[in-house]
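A structural walkthrough
Here's the letter readout for the chains.
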Amino acid sequence: MTAASYATIAEYFRLGLQVGLLLPAQAVAWADAEIAAAEVAPEELIEVAWAKGLASTMDALAAVPGERDKQLAGRWLLGFLGQSIPASDEDLHLAVQSAMHIARHAELGDETYYRFAMIDDELSLATTKVYGTVEECRSSLVAELAEYQPLVI
């Protein structure tokens, strides 16, 4: 794997940690697996593998050298989010908020951000019984996230 690819995957994990979708242990497990699979341990991943805790893991991921494709990392995160749409209304709201944060932090553009913001607004109206239903909002979120594929490692 190239350093650019490592950097983009590191960005995926960093953004995932930033928005609360991923855990530090997931990033460490990725780095451990890459190191174990390589004939020569990729130096850029050693610090990630040794990281302990959120701050240390985020710092190590940010330090992975190479060109980062932040938008690709964001699209992977949206694909990951789309794999597990929550059943509860409150958790659905958190999922929509996560999609908004991903769109903003991954610089996916205003259009993408506002599509999720509109679902968030509609969900607020549905939960207060002003307009629409939560299930319609859930369907809208599923449809929006369906266009994104998760990272396959």
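Rules used throughout
Residues numbered from 1 in each chain as written. Predicted model: local features only at pLDDT ≥ 70, side-chain atom pairs only at ≥ 80, totals over all residues. Heavy atoms only, no water. Helix = DSSP H or I, 4+ residues; strand = E, 2+ residues; numbered from the N terminus. Buried < 20%, exposed > 50% of the residue type's maximum accessible area, 1.4 Å probe, protein only. Contact = heavy atoms within 4.5 Å. Areas by Shrake-Rupley, 256 points an atom, 1.4 Å probe, with all protein chains shown as cover. Lys, Arg positive; Asp, Glu negative; His and termini not counted. Charge placed at Lys NZ, Arg CZ, Asp CG, Glu CD. Expected span 1.5 Å × (residues − 1). Arc of directions from axis to C-beta. Axes fitted to C-alpha atoms, helices over the stretch in contact; angles between N-to-C directions. Parallel < 35°, antiparallel > 145°, perpendicular 65-115°, else oblique. Nonpolar A, V, L, I, M, F, W, Y, C, P; charged D, E, K, R; others polar. pLDDT = per-residue confidence, 0-100.

Glancing now at the overall build of the protein chain. Per the secondary structure count, the protein chain includes 8 helices and 0 strands. When its helices and strands are written in sequence order, the protein chain yields α-α-α-α-α-α-α-α. Expressed along its principal axes, the backbone C-alpha trace of the protein chain runs to roughly 60 × 25 × 25 Å. Every one of the 153 residues in the protein chain was classed for burial, and the buried ones make up 43%. Across the protein chain, every contact between residues at least 6 apart in sequence was considered, and the portion connecting residues at least 24 apart equals 64%. Just so you have it, the protein chain exposes about 8200 Å², and 55% of that area is on carbon and sulfur atoms. Once the 9 positive and 23 negative side-chain charges of the protein chain are each reduced to a mean point, those two points are 3 Å apart.

Taking 1.5 Å per residue, 14 residues should reach 20 Å; helix α2 (residues 24–37) reaches 20 Å between its end C-alpha atoms and fits that length. Those residues of α2 not exposed but buried are P24, A27, V28, W30, A31 and E34. One side of α2 carries all its buried residues, which in axial view fall inside an arc of 155 degrees. Exposed and facing more than 90 degrees away from the buried side of α2 are A25, A36 and A37.

Let us now look at the packing of helix α5 (residues 70–82) against helix α6 (residues 89–105). The contact between α5 and α6 brings their axes to 9 Å, and the two run at 170 degrees. As summarised for this structure, α5 and α6 are arranged roughly antiparallel, according to the angle between their axes. Between α5 and α6, the contacting residues are K70, G74, L77, L78 and L81 on the first element and A95, S98, A99, I102 and H105 on the second. Of the residues that constitute the contact of α5 with α6, the class distribution is 6 nonpolar, 3 polar and 1 charged.

A separate point is the confidence of the model for the protein chain. Per-chain confidence: the protein chain averages 94 in pLDDT, with 97% of residues scoring 70 or above. Element-level pLDDT for the protein chain is lowest in helix α1 (residues 3–18), with a mean of 91, against a maximum mean of 97 in α5.

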